[in-house]
Amino acid sequence: MPSSKRDVLFDMGLVAASASTAIAVYWSLIKLQRRYWRLKGKAKARIPQTLLHCTWAREIHIATQAALAAGATLKKVSEQDLSAKLVSYKGEIDLVTETDKENEKAIVSLLSKNFPTHLFIGEEEASANGVIPDLTSAPTWLIDPIDGTTNFVHGCPFSCVSIALAVDQTVVVGVVFDPFKDELFLAAKGHGAFLNGKQLKLAGTTTDLSKAVIIQEYGYERTDAGIKKLLQVTERLLRGNVQAVRQFGSGVLDLAYVAAGRVDGVYCGVAGDGWKPWDYAAGSVVAVEAGATMSDLRGEEFDVFGTSMVCAGSEAIARKLVGAARE
């Protein structure tokens, strides 16, 4: 075959290959766009009208999109073998997975695209940098891409995605999504808290420890002195005839469960084992908007950057938890 004909055929092959690639890219983009619009519509459908018309409506809508997408990833990967989760360690026993990192990147990407002037405090970036940025007056998103990573790694279906927005150093929006139970907790300061569209409102009728379920999280405290303090408070609760003590392994869901009335209180920080801002942020606004009482272990005003916390469905239980920690 003459070289000129071979050249023509070669060029035609290149054109065909380029066209095929272009078509494949085009359809991939179409699929991504359709997925985006489905997700956007799905997110909006799950937000109660009260929040769709509040001051932070757009922020709630976009954050809900991000949480639903990250939750879908979390649930899908959780069903895989341990080796597929690509686990590494931030500390001796503190885990992190590639899913944590990828979820955080995806959440930040969507939020920054829609709110380019906002700041971010994410668990994985802060851990990688070795420092938690200060909370300023600028609008700032606090993100925990998987709260309950240890549960997630071990195949225990009790983890969630947590996204909060703080403005003027006050948390004003909370979005918590548990993909395993398909439960979406939403709250906006001054506009209430909701679970799957139904408003949460605590009655605050549990006042006695003998009728209370209390959550404690021992976290990563492993010093002799720290362990002793943790167990002392547990002993005081048991001797106080508490109905039940639980450890779930997700601080965000602990707070959400107080808001939903499923448990009566949760505390942390008795041995320097306080949580991080992203562990408190979204759950705190959900709990407070549902009517829960929050303070630190001294009974003073709760600070999302503080080192201790008490959250309870009634002031009476909150006082008993503060008392148990003080003794």
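See the structure above.
Residues numbered from 1 in each chain as written. Predicted model: local features only at pLDDT ≥ 70, side-chain atom pairs only at ≥ 80, totals over all residues. Heavy atoms only, no water.

Q: Explain the pattern of salt bridges here, please?
A: Where charged atoms of side chains with opposite charge meet at close range, the side chains can pair. Scanning all chains against the criterion turns up eight salt bridges. Of the charged contacts, one joins Glu98 and Lys101 as a salt bridge, the two residues approaching to 3.5 Å between their closest N and O atoms. With Glu98 and Lys101 both in helix α4 (residues 98-114), this residue pair falls three residues apart, about one helical turn. According to the relative accessible area criterion, Glu98 is partly exposed, its value standing at 29%. Among the charged side chains, a network of salt bridges with common partners joins Asp296, Arg298 and Glu300. (Salt bridge = Lys/Arg side-chain N within 4 Å of Asp/Glu carboxyl O. Helix = DSSP H or I, 4+ residues; strand = E, 2+ residues; numbered from the N terminus. Buried < 20%, exposed > 50% of the residue type's maximum accessible area, 1.4 Å probe, protein only.)

Q: Before we go on, may I ask you to explain the environment of Arg222 in this structure?
A: Note that Arg222 resides in the loop between β10 (213-216) and α7 (224-239). Remark: the alpha-carbon pair of Arg222 and Asp273, spanning 51 residues in sequence, is separated by 9.7 Å.

Q: It is not clear to me how the packing of aromatic side chains should be interpreted in this structure. Could you clarify?
A: What describes a pair of aromatic rings is the distance from one ring centre to the other and the angle between the planes of the rings. A complete count under the given rule lists six aromatic pairs for this structure. On the basis of an interplanar angle of 35° and a centroid distance of 5.8 Å, the ring pair of Phe115 and Trp141 is categorised as tilted. Of this pair, Phe115 sits in the loop between α4 and β3 (119-122) while Trp141 sits in strand β4 (residues 140-147), and the two are 26 residues apart along the sequence. You can call Phe115 buried: its relative accessible area is 5%. Through pairs of rings, three or more aromatic residues link up here, namely Phe158, Phe248 and Tyr257. Its end group placed over the ring of Tyr257, Arg262 keeps NZ or CZ at 4.7 Å from the ring centre. (Phe/Tyr/Trp six-rings, centres within 6.5 Å; stacked < 30°, edge-to-face > 60°. Lys NZ or Arg CZ within 6 Å of the ring centre and 35° of its normal.)

Q: Would you mind showing me how to read the pairing of strand β12 (residues 265-268) here?
A: Within a regular strand, the side chains alternate between the two sheet faces. Going residue by residue along β12, you find Gly265 and Tyr267 tucked away on one face and Val266 and Cys268 tucked away on the opposite face as well. Pairing of β12 with strand β14 (residues 309-312), which is carried by four bridges, proceeds in the antiparallel orientation. If you follow Val266 over to β14, its bridge partner there is Cys311. (Pairing = 2+ DSSP bridges.)

Q: Mind showing me how you'd approach the side chain of Asp144 here?
A: Here Asp144 shows up in strand β4. With relative accessibility at 1%, the residue Asp144 sits in the buried group. Contact partners of Asp144, with chain neighbours within four places excluded, come to Glu123, Cys160, Val161, Ser162, Trp278 and Asp279. (Contact = heavy atoms within 4.5 Å.)

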